[in-house]
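# Chain and residue survey
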Amino acid sequence: MIKKTFKWLGMITLLLLMAASVWLINAIWFKPFNINTFFNRVTIEFALESPELLSSLRILESFGLNFHNDDLDDESPEKAIATLNKLEKHREVLRSYSDDELNEDEKLSKEIADYFLTLMIDSKDFQFHNYPVNQLFGVQSGFPSFMESTHQVHSVKDAENYITRLSKVGIKFSQVLEGLKLREENQILPPRFVVDRVLEEMKNFINTPIDENILQSSFVEKLSKAETIEVNQRDSLIANAKQTIEVDVYPAYQSLITYFERIYEKTDNRHGVWKLPNGDAYYRLALKLFTTTEDTPEEIHQVGLSEVDRIQDNMLEILKGEGISVENGFTQAMEELQQDTQYFYPDTDEGRQQILTDYQVMIDEITQSMPEAFHSLPKASVEVKRIPEFKEKTAPGAYYNRPALDGSRPGIFYANLYDIKATPKYGMRTLAYHEAVPGHHFQIASAMELNDVPFFRRMVPATAYIEGWALYAEYLAWEMGFQDNPMDNLGRLQAELFRAVRLVVDTGIHYKRWTREEAIKYMRNNTGMAESDVISEIERYIVMPGQACSYKIGMSKILALREMAKQKLGNQFDIRDFHDVILKNGAMPLAVLEKVVNDYVENGVKAGTS
């Protein structure tokens, strides 16, 4: 009997192995049996080619797999070209799945994937029309930020992997240099101020004593919290890291410094991408990529001008009510407000720490009221941190980093505290709601926790949807009563005005051929923002054409869809249901989002009349 049992168990096991082998062979080498397997295959394929992404997601660690944590992404031009070629093949397979074979959710996944695959394929002629090393991002700032915020150290092996990654930075930088030289050959050079900024940043980085460098100091801090590492092991690891930074990291930075010093005289002060080969077509594509609409540069410019006038009128009413003179116009009134010290923290370390503390209080406070507007909240928490000082001078006012999928790292709202005048108290609530709750953290963490959609839909980089949601979140918080103080509402309106001005200056720079100085003047006169913030913002738009237009366009679409749903559903409308429709499908192009909301409304109307 026992022999028979073992015989049957053996046969069952063999059959299962054979079935698994057939599935695996099909999934890897042939067209997968179903579309979700295809999505998973492509996602896994791209994830396995990005050890840095794998470290950020921390999925494999849950299974005891750690092979990726000692490696860095391939930044070579050859890799970029090969990736685009793969996308064309993937789209061909995607389109071979007939809609007749798919359920509604699979059709939605197919539509989202096809949209972005097509956009990327259409950008093939422009894949090197960018400035991969600039004052905002690039290996020179991205690598240390990644090592500080993402590479975790809990064991000796983790620490050794950290050092191995440090040793490979020369390879990564040489790949980036190869791409920079390719761009140079094709007359794609950044404006001169970009070269000035990155040279200053990199020289400061390598002139910092190694013990004070973020790569070393954060490593020492990680080791101090790793309880399984003995003291003598820590000392050895610290010494090895220090030597690796000196021998491998600093020379890699010097290679980039040498390159930018060499090309300096080749650069000029033309700031729009119109100066690049076929630059006008590139800008139109950039707008489509970031807004996921067919709006023309002129249409976007005119919408911006109209919205600037509307929002400024609302702000002037508040200023007038607060006893601030508006007789000399908006610009003068906002400058007067900027001089009022009651709205700013002390320009000290203590003042900056208080800003971080107050941000966290604001986030914790509004989180308690989220059940009023949402059926469910994301599980991941969010923390507030200061943008690392080595890069905050040229960094944006704030940004958000997603949490780890395994829960080992919370979402992080990074605040820029370089210029204390750039953080007026009346603007803090709005920024906290945008970056954290119910903005970026709420949306991104919710998407990452979706279990019933293909994994790629948890990570889709649909900028207009993502940034549109965050700007909508500011408005939602006001509707919920969290900016009832007139000055807090002024801060909200100033943030919306800021996004409307972006429509004007982004198209102004890249379509109407404004200079950097013209754009700075327009933004300074029409936002009331601190000059340091205005300069860094305009310089951001110069190196990221089109991206700044996504916020206002995305918000306007979400508000329009909400109003349409309210009108058609009447008493059946529940804002929590609407937010579920927006958030529980993951990020998507605005045109696809409109279809999803229309389906929700149509089904609701049918249910109400049945």
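Structure first, text after, so check above.
Analysis parameters
Residues numbered from 1 in each chain as written. Predicted model: local features only at pLDDT ≥ 70, side-chain atom pairs only at ≥ 80, totals over all residues. Heavy atoms only, no water. Helix = DSSP H or I, 4+ residues; strand = E, 2+ residues; numbered from the N terminus. Rg over C-alpha atoms; globule rule 2.2 N^0.38 Å. Contact = heavy atoms within 4.5 Å. Areas by Shrake-Rupley, 256 points an atom, 1.4 Å probe, with all protein chains shown as cover. Lys, Arg positive; Asp, Glu negative; His and termini not counted. Charge placed at Lys NZ, Arg CZ, Asp CG, Glu CD. Salt bridge = Lys/Arg side-chain N within 4 Å of Asp/Glu carboxyl O. Buried < 20%, exposed > 50% of the residue type's maximum accessible area, 1.4 Å probe, protein only. Axes fitted to C-alpha atoms, helices over the stretch in contact; angles between N-to-C directions. Parallel < 35°, antiparallel > 145°, perpendicular 65-115°, else oblique. Left-handed = near helix turned anticlockwise from the far one by under 90°. Pairing = 2+ DSSP bridges. Expected span 1.5 Å × (residues − 1). Patch = residues over 30% accessible without salt bridge, like charges linked within 9 Å, V, L, I, M, F, W, Y side chains within 5 Å. 1 Å grid on protein atoms, 1.4 Å probe; cavity = no way out; pocket = protein on both sides within 12 Å on 5 of 7 lines; lining within 4 Å. Points joined across faces, edges and corners; volume = space filled by probe spheres on them. Nonpolar A, V, L, I, M, F, W, Y, C, P; charged D, E, K, R; others polar. Core = buried A, V, L, I, M, F, W, Y, C linked by side-chain atoms within 4.5 Å. Phe/Tyr/Trp six-rings, centres within 6.5 Å; stacked < 30°, edge-to-face > 60°. Lys NZ or Arg CZ within 6 Å of the ring centre and 35° of its normal.

### Considerations on the overall build of the protein chain
Helix and strand counts for the protein chain stand at 24 helices and three strands. Here the C-alpha radius of gyration of the protein chain, 26 Å, is about what a compact globule of 610 residues would show, namely 25 Å. For the C-alpha atoms alone, the extent of the protein chain along its principal axes is close to 100 × 75 × 50 Å. Counting only contacts in the protein chain whose residues sit at least 6 apart along the sequence, the fraction spanning at least 24 positions is 77%. As displayed, the protein chain has an accessible area near 27400 Å², and 53% of this comes from carbon and sulfur atoms. Both charge centroids of the protein chain, one from 66 positive and one from 91 negative side chains, sit 5 Å from each other.

### A short note on the pattern of salt bridges
According to the stated counting rule, one finds 44 salt bridges in the structure shown. One salt bridge connects aspartate 488 with arginine 429, and the closest N-O pair in it is separated by 3.6 Å. In this pair, aspartate 488 sits in helix H19 (residues 486-510) while arginine 429 sits in helix H16 (residues 425-435), placing the two residues 59 residues apart along the sequence. By the burial criterion, aspartate 488 is buried, and arginine 429 matches it. Among the ionic pairs, glutamate 474 bridges to arginine 499, the shortest N-O distance being 3.3 Å. Here glutamate 474, found in helix H18 (residues 463-479), pairs with arginine 499, found in helix H19; they are 25 residues apart in sequence, far enough to count as distant. Given the relative accessible area of 2%, glutamate 474 is considered buried.

### With respect to unusual backbone geometry
In this model, valine 437 is joined to proline 438 through a cis peptide bond whose omega is 5°. Along the chain, the position of proline 438 falls in the loop between H16 and helix H17 (440-448). The phi torsion at threonine 292 lies on the positive side, around 50°, for a residue other than glycine. A positive phi angle, close to 65°, is found at arginine 513, a residue other than glycine.

### Notes on the packing of H18 against H19
Across the interface, H18 lies against H19 with an axial gap of 11 Å and an inter-helix angle of 160°. Put simply, H18 runs roughly antiparallel to H19. With respect to the hand of their crossing, H18 and H19 are arranged in left-handed fashion. Contacts from Leu471, Glu474, Tyr475 and Trp478 in H18 reach Asn489, Arg492, Ala495, Glu496 and Arg499 in H19.

### Here we look at the sheet that holds strand E3 (residues 411-415)
Strand order in the open sheet formed by three strands is E1-E3-E2, and the pairing between neighbours is mixed. The two strands at the open ends of the sheet, each matched to only one other strand, are strand E1 (382-386) and strand E2 (398-401). The average undirected angle you get between the axes of adjacent strands in this sheet is 20°. Here helix H15 (residues 349-367) sits on the sheet and contacts E1 and E3; the angle it forms with E1, its principal contact strand, is near 165°.

### Focus: helix H9 (residues 192-207)
The end-to-end C-alpha distance of H9, which contains 16 residues, comes to 22 Å, matching closely the 22 Å that a straight helix rising 1.5 Å per residue would cover. Phe193, Val194, Val195, Val198, Leu199, Glu201, Met202, Phe205 and Ile206 are the residues of H9 that are buried. Buried-residue contacts for H9 involve helix H6 (139-149), helix H10 (214-225), helix H11 (231-263), helix H20 (516-527) and helix H21 (531-543).

### So, a nonpolar patch on the surface
The grouping of Ile44, Leu48, Ile59, Phe63, Leu65 and Phe67 at the surface amounts to a nonpolar patch, some 610 Å² of accessible area in total. Note that isoleucine 59 resides in the loop between helix H3 (51-57) and helix H4 (77-95).

### Let's talk about the layout of surface pockets
Roughly 1100 Å³ of volume is contained in the second largest pocket. If you trace the second largest pocket, you find 38 residues lining it, with Glu148, Ser149, Ile214, Ser218 and Glu221 closest to the centre. Breaking the lining of the second largest pocket down by element, the ones donating at least two residues are H6, H9, H10, E1 and E3. The dominant element in the lining of the second largest pocket, judged by the number of residues it contributes, is H10, at six residues. Split by residue class, the lining of the second largest pocket holds ten nonpolar, twelve polar and 16 charged.

### Digging into the nonpolar core
Counting residues in hydrophobic clusters, the biggest one holds 131 residues, and the most contacted among them are Ile538, Phe578 and Val597. Ranked by residues supplied to this core, first place goes to H19 with eleven residues. When residues no more than four places from it in sequence are discounted, the contact partners of valine 597 are Leu561, Met564, Phe578, Val581 and Ile582. Within the second largest apolar cluster, 42 residues are counted, among which are Phe143, Met147, Val198 and Val249.

### Here's the deal with the packing of aromatic side chains
Taken as a whole and assessed by the stated rule, the structure comprises 21 aromatic pairs. Seen in terms of ring centroids, tyrosine 259 and phenylalanine 260 are 5.3 Å apart; in terms of plane orientation they differ by 80°. Their pairing is edge-to-face. Through successive ring pairs, a cluster of aromatic residues spans Phe173, Phe205, Tyr250, Tyr253 and Phe390. Against the face of tryptophan 478 rests arginine 492, its NZ or CZ located 4.2 Å from the ring centre.

### A few points about the packing of H6 against H9
Look at H6 against H9: their axes get within 10 Å of each other, and the N-to-C directions meet at 45°. When the interaxial angle is binned, H6 and H9 end up oblique. For the pair formed by H6 and H9, the contact residues are Gln140, Ser141 and Pro144 on the first element and Val198, Glu201, Met202 and Phe205 on the second. Counted by class, the contact of H6 with H9 contains four nonpolar, two polar and one charged residues.

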